[in-house]
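Summary of the model geometry
Chain by chain, the residues:
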Amino acid sequence: LKTIPGLEYIIEENEVLRLGALTRLSDITQSDVVKTKYPLLAEAVATVGTPQIRNMATIAGSICQGLSCWYYRAYKNAYWCLYKRGKDCPAKERDNRWMFSIFGDAEGCYGTCQSDTSIALYALSARVKTTKRTIPIEEFFTTSAPGNVLESDEIITEIEVPSISADAKMKYLKLSVRKSIDPPLVSVACLLNVKDAKIVLGGVYLTPYRARYAEDVIRGKEIDERLAEEAGEAAVIGAVPLSMNAWKVQVTRVLVKRALLDLSSLSIPSFLIKFVDVINSKEVVP
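Figured I'd write up the structure that's included with this text. Keep in mind the model is a prediction, meaning the values are calculated, not measured. (Residues numbered from 1 in each chain as written. Predicted model: local features only at pLDDT ≥ 70, side-chain atom pairs only at ≥ 80, totals over all residues. Heavy atoms only, no water.)

1. Focus: the nonpolar core
If you look at the biggest cluster of nonpolar residues, it comprises 49 residues, and the most contacted ones within it are Val 188, Ile 199, Leu 201, Ile 218, Val 256 and Leu 260. The element contributing the most residues to this core is helix α9 (residues 247-262), with eight residues. (Core = buried A, V, L, I, M, F, W, Y, C linked by side-chain atoms within 4.5 Å. Buried < 20%, exposed > 50% of the residue type's maximum accessible area, 1.4 Å probe, protein only. Helix = DSSP H or I, 4+ residues; strand = E, 2+ residues; numbered from the N terminus.)

Here's what the structure looks like:
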């Protein structure tokens with residue numbers, strides 16, 4: 001794909017940010033227009049992998065990446081899981097500490113979306129332009145392999161992000177084992193303006209997960225600590241954790257709360273988010 005010319009660009013025109021499919025993640029993090037007008041995307045992309053990876057990875061590749069699951073990717077197909085059209089998801093009965101769903105299975109699979117870029121673009125209501133059509137990002141991801149609606153003879157040519165209102169505030173936070181390289185165990189993208197709110201979670205379901213109950217709690221209201229805590233509780237309504245990942249429920253609550261407080265006058269510096277502090281419960285992290 002990299003031999004195809006003209007697919008690497010960052011252009012803002014007609015109130016739309018246009019990102020060529022082959023635009024490198026490092027270029028996005030360094031773009032003044034992205035950092036100034038779409039900081040949620042800049043924050044999320046900056047957390048992807050290492051500088052070396054961001055110098056090679058592309059925006060389209062980032063949202064099309066395969067499922068990150070140690071059973072799906074096991075050496076020599078040691079597990080013939082549901083995502084490979086097998087009979088069952090091994091995570092249901094085996095080790096399910098890290099990259100597994102807390103909102104139930106999707107067609108039997110307990111894997112999770114661990115693409116930082118996808119979570120941010122979902123919150124930004126992006127559109128995926130291909131050689132055949134333009135797809136709202138909400139309709140791009142699927143719960144069956146390969147994880148998106150692209151056809152075999154179709155490729156992404158551009159990502160379009162609509163303009164954001166001047167009063168909008170946005171924040172991306174994630175928890176991972178290591179700050180570099182590792183994908184999110186849990187992540188949250190928040191976008192707020194005077195009348196609306198959008199909260200999208202990563203690392204908790206097979207696709208980006210819209211926390212609609214949490215959005216209802218805060219929509220049109222001024223954020224304070226009590227409201228942020230209520231939104232965190234609402235974000236995990238319906239959670240059904242597996243045998244070893246109940247800790248992710250508490251982490252999700254805390255990340256949603258902290259992201260919202262970061263957008264309020266009661267901001268908590270993001271550097272204070274430490275692994276042990278985030279857990280802050282009776283749960284013992286495996």
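Don't stop here, the text continues.
2. Section: the side chain of Asn 96
Summarising the element assignment, Asn 96 is placed in the loop between α5 (59-63) and α6 (116-123). Accessibility expressed as a relative area gives 0% for Asn 96, which makes it buried. Looking at Asn 96, its side chain comes within polar contact range of the side chain of Ser 243, at 3.2 Å. Ignoring any residue separated from it by four or fewer positions in sequence, one finds Asn 96 in contact with Ala 91, Leu 242, Ser 243, Met 244 and Asn 245. (Polar contact = N/O pair within 3.5 Å; in protein donor to acceptor, adjacent residues only side chain to side chain. Contact = heavy atoms within 4.5 Å.)

3. Overview of the pattern of salt bridges
Under the criterion given, the structure shown has 23 salt bridges. Linking Lys 132 and Glu 151 is a salt bridge whose minimum nitrogen-to-oxygen distance equals 2.6 Å. With Lys 132 in the loop between β3 (127-130) and β4 (134-136) and Glu 151 in the loop between β4 and β5 (156-162), the pair connects residues that are 19 residues apart, well separated along the chain. Ionic pairing is found between Glu 229 and Lys 257, a salt bridge with its closest N-O pair at 3.6 Å. Of this pair, Glu 229 sits in helix α8 (residues 225-235) while Lys 257 is found in helix α9, placing the two residues 28 residues apart along the sequence. One salt-bridge network, held together by shared partners, links Asp 196, Arg 210, Glu 215, Asp 216 and Arg 219. (Salt bridge = Lys/Arg side-chain N within 4 Å of Asp/Glu carboxyl O.)

4. Remarks on the packing of aromatic side chains
Within the structure shown, the criterion is met by nine aromatic pairs. Geometrically, the ring pair formed by Trp 70 and Tyr 71 is edge-to-face, given 6.2 Å between the ring centres and 85 degrees between the ring planes. Accessibility expressed as a relative area gives 30% for Trp 70, which makes it partly exposed. Overall, the relative accessible area of 5% leaves Tyr 71 in the buried class. These aromatic residues form a ring-pair network of at least three members: Trp 70, Tyr 71, Tyr 79 and Phe 100. (Phe/Tyr/Trp six-rings, centres within 6.5 Å; stacked < 30°, edge-to-face > 60°.)

5. Quick word on the packing of helix α3 (residues 39-46) against α6
Interaxial distance between α3 and α6 falls to 8 Å at its minimum, and their mutual angle equals 170 degrees. Relative to α6, α3 is oriented roughly antiparallel. Touching Leu 40, Leu 41, Ala 44 and Val 45 of α3 are Asp 116, Thr 117, Ala 120, Leu 121 and Ala 123, all from α6. Looking at side-chain class alone, the contact of α3 with α6 contains seven nonpolar, one polar and one charged residues. (Axes fitted to C-alpha atoms, helices over the stretch in contact; angles between N-to-C directions. Parallel < 35°, antiparallel > 145°, perpendicular 65-115°, else oblique. Nonpolar A, V, L, I, M, F, W, Y, C, P; charged D, E, K, R; others polar.)

6. Observations concerning the environment of Ala 234
Topologically, Ala 234 is positioned in helix α8. Once the C-alpha coordinates of Ala 234 and Gln 30 are considered, the two residues, 204 residues apart in sequence, prove to be 35 Å apart. Excluding its chain neighbours within four sequence positions, the residues that come into contact with Ala 234 are Tyr 213, Ala 214 and Val 217.

7. Let's talk about the sheet that holds strand β6 (residues 169-175)
Paired through their backbone hydrogen bonds, the strands of a sheet run either parallel or antiparallel. Ordered by their spatial adjacency, four strands build an open sheet running β6-β7-β8-β9, and the pairing between neighbours is antiparallel. The strands lining the two open edges of the sheet, one partner per strand, are β6 and β9 (209-210). Summarising the sheet, β6 and strand β7 (residues 186-192) pair through seven bridges and their orientation is antiparallel. Looking at the pairing, Lys 174 lines up with Ser 187 of β7. Where α3 meets the sheet, it contacts β6 and β7, and its direction lies at approximately 15 degrees from that of β6. Running over the sheet, α6 touches β6, β7, β8 (197-202) and β9 and is turned about 160 degrees from β8. (Pairing = 2+ DSSP bridges.)

8. Some words on unusual backbone geometry
With omega at 5 degrees, the peptide bond leading from Ala 145 into Pro 146 counts as cis. The residue Pro 146 is located in the loop between β4 and β5 in this model. Although it is not a glycine, Asn 77 sits at a positive phi angle of roughly 55 degrees. Structurally, Asn 77 can be placed in the loop between α5 and α6. Even without glycine at this site, Ser 125 takes up a positive phi of about 60 degrees.

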